[in-house]
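Examining the three-dimensional arrangement
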Amino acid sequence: MIRVHSSVAVARALLFTGACALLPGPASAQSQGSLPAETISPLQVSIACSLPPALAATRVTTPRSPAPLHVIGAQDPVPRSLFDEHDLLIIDGGTGRSVELGQQYFVRRPVSSSVFRGEEKAIVTDGWIRIIAVNQTTAIASVDRICGPIQVGDYLEPFVMPSVPSQAVAVDRSGDPDFGTLGRILFSEQESYAAGPGSFIMIDRGTDQGLTPGARFAIYRDVRDWMPSAYGQAKATTPLTAIGEGVVVTTGETMSVMKILEARDAVQRGDYVVPRSNAKR
């Protein structure tokens, strides 16, 4: 049995090339109530569209960790590999893989190149989608929000509405920096080397060190790394230089995503993050 949501998106699906024609099975439908309108702030959108606090790696499929679902195409008479918010996406799994009507998923993929070795790569968030039609083996999804071009082969992860720490709204310099627990900046979006205010960056601190969303950090740089060798004597005594301020918005086990609130220079890979004394580390 094919199940669909009675929504404008589904009507478009049926009128376009037909959800029932695409999804094999009896051509009967079960109508559902209209989906409630969702409110999401611009900052929530920014956090949801940012990189997640993890690296892509070769997955080992187990009963508890099944292979992810993927985007395999769109309802379009012309084959394409790039999609946007106007497309209805075809997903390579249905009720046989616990896909249900109304479920939402992030659409993500690893970066095309990486500063890491092997499969350890940063992750790109292309947007999030909602299941609007499903049968045993296949599903159709509409795009709730686009962050970037969605591609064939992108994988799905359950969508979670991000919360916004109150500390992410304004700069707060209260609390002395704790230089006994320095962390490092790993990269920015797409594993970029540098980023500025309003951008999101990955740091090498996570929940394994007690970090929680809202933790505040000062950003410092060891300028000795940038001084010519002719100034060797000065390099030995130059202290760390304050660059900016940031706040953690999402956490993973060993790394977290931090929003840069202010910076007087481009924040760069390798810069230090120093927790404020009244912030969890």
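Anything mentioned here points back to the structure above.
Attention in this report is confined to the structure presented alongside it. As the structure is a computational prediction, the values presented were derived from the model and not from experiment.

This paragraph deals with the overall build of the chain. The helix and strand tally for the chain stands at 4 helices and 17 strands. When the 281 residues of the chain are sorted by exposure, 43% land in the buried category. Contacts in the chain between residues at least 24 apart in sequence constitute 72% of all its contacts with a sequence separation of at least 6. Here the chain displays about 13900 Å² of accessible surface, and carbon together with sulfur accounts for 54% of that area.

What follows deals with the sheet that holds strand β10 (residues 183–188). Pairing is antiparallel around the closed barrel formed by 6 strands, whose spatial order is β10-β12-β15-β14-β13-β17. Across the sheet, the mean angle from the axis of one strand to that of its neighbour is 45°, orientation sign disregarded.

A word on the pairing of strand β17 (residues 272–275). A regular strand places its side chains on the two faces of the sheet in alternate fashion. Burial along β17 is two-sided: Tyr272 and Val274 and Val273 and Pro275, pointing in opposite directions, are all buried. Here 4 bridges tie strand β13 (residues 216–221) to β17, and the two strands are oriented antiparallel to one another. Bridging across to β17, Tyr220 finds its partner in Tyr272.

What follows is about the nonpolar core. Counting residues in each nonpolar core, the largest one holds 18 residues, and the members touching the most others are Val71, Leu89, Ile91, Ile129, Ile131 and Leu156. At the level of secondary structure, the elements contributing two or more residues to this core comprise β2 (71–74), β4 (88–91), β5 (104–110), β6 (123–134) and β7 (139–146). Excluding anything up to four places from it in sequence, Leu89 contacts Val71, Gly73, Ala74, Phe83, Ile129, Ala139, Ile140, Ala141, Val143 and Ile150. By size, the runner-up hydrophobic cluster in this structure holds 16 residues, among which are Leu51, Leu186, Phe200 and Val247.

Here the structure, examined in full by the defined rule, presents 13 salt bridges. Between Arg221 and Asp265 there is a salt bridge, and its shortest N-O distance comes to 2.8 Å. Taken together, the residues span a long stretch of sequence, with Arg221 in strand β13 and Asp265 in the loop between β15 (256–263) and β16 (267–268) at a distance of 44 residues. When its relative accessible area of 39% is taken as the criterion, Asp265 is described as partly exposed.

This part is about unusual backbone geometry. The residue Gln190 is not glycine, and still its phi comes out positive at about 60°. You can see Gln190 is positioned in the loop between β10 and β11 (194–195). Residue classification places Gln190 among the partly exposed positions, given a relative accessible area of 46%. Positive phi, close to 60°, is recorded for Glu191, a residue that is not glycine. Residue position: Glu191 is located in the loop between β10 and β11. Classification of Glu191 as buried rests on a relative accessible area of 9%.

On to the pairing of strand β14 (residues 241–251), then. Sheet topology places β13 next to β14; 6 bridges connect them, and they run antiparallel. Note on β14: the bridge partner recorded for Arg216 is Val247. Counting the residues in the hairpin turn of β14 and β15 gives 4 residues.

Moving on, we come to the environment of Arg224. Assignment of secondary structure puts Arg224 in the loop between β13 and α4 (232–235). C-alpha of Arg224 to C-alpha of Thr241: the two residues are 17 residues apart in sequence and 9.7 Å apart in space.

Before going further, it helps to spend a moment on the environment of Gln167. Mapped onto the elements of the fold, Gln167 is located in the loop between β9 (155–158) and β10. Owing to a relative accessible area of 31%, Gln167 belongs among the partly exposed residues under this scheme. Residues Gln167 and Arg216 lie 49 residues apart in sequence; the distance between their C-alpha atoms is 7.5 Å. Not counting residues within four places of it along the chain, the set of residues in contact with Gln167 comprises Gly214, Arg216, Val247 and Leu261.

Calculation rules
- Residues numbered from 1 in each chain as written.
- Predicted model: local features only at pLDDT ≥ 70, side-chain atom pairs only at ≥ 80, totals over all residues.
- Heavy atoms only, no water.
- Helix = DSSP H or I, 4+ residues; strand = E, 2+ residues; numbered from the N terminus.
- Buried < 20%, exposed > 50% of the residue type's maximum accessible area, 1.4 Å probe, protein only.
- Contact = heavy atoms within 4.5 Å.
- Areas by Shrake-Rupley, 256 points an atom, 1.4 Å probe, with all protein chains shown as cover.
- Pairing = 2+ DSSP bridges.
- Axes fitted to C-alpha atoms, helices over the stretch in contact; angles between N-to-C directions.
- Core = buried A, V, L, I, M, F, W, Y, C linked by side-chain atoms within 4.5 Å.
- Salt bridge = Lys/Arg side-chain N within 4 Å of Asp/Glu carboxyl O.

Purely geometric stuff here, so don't read any function into it on its own.
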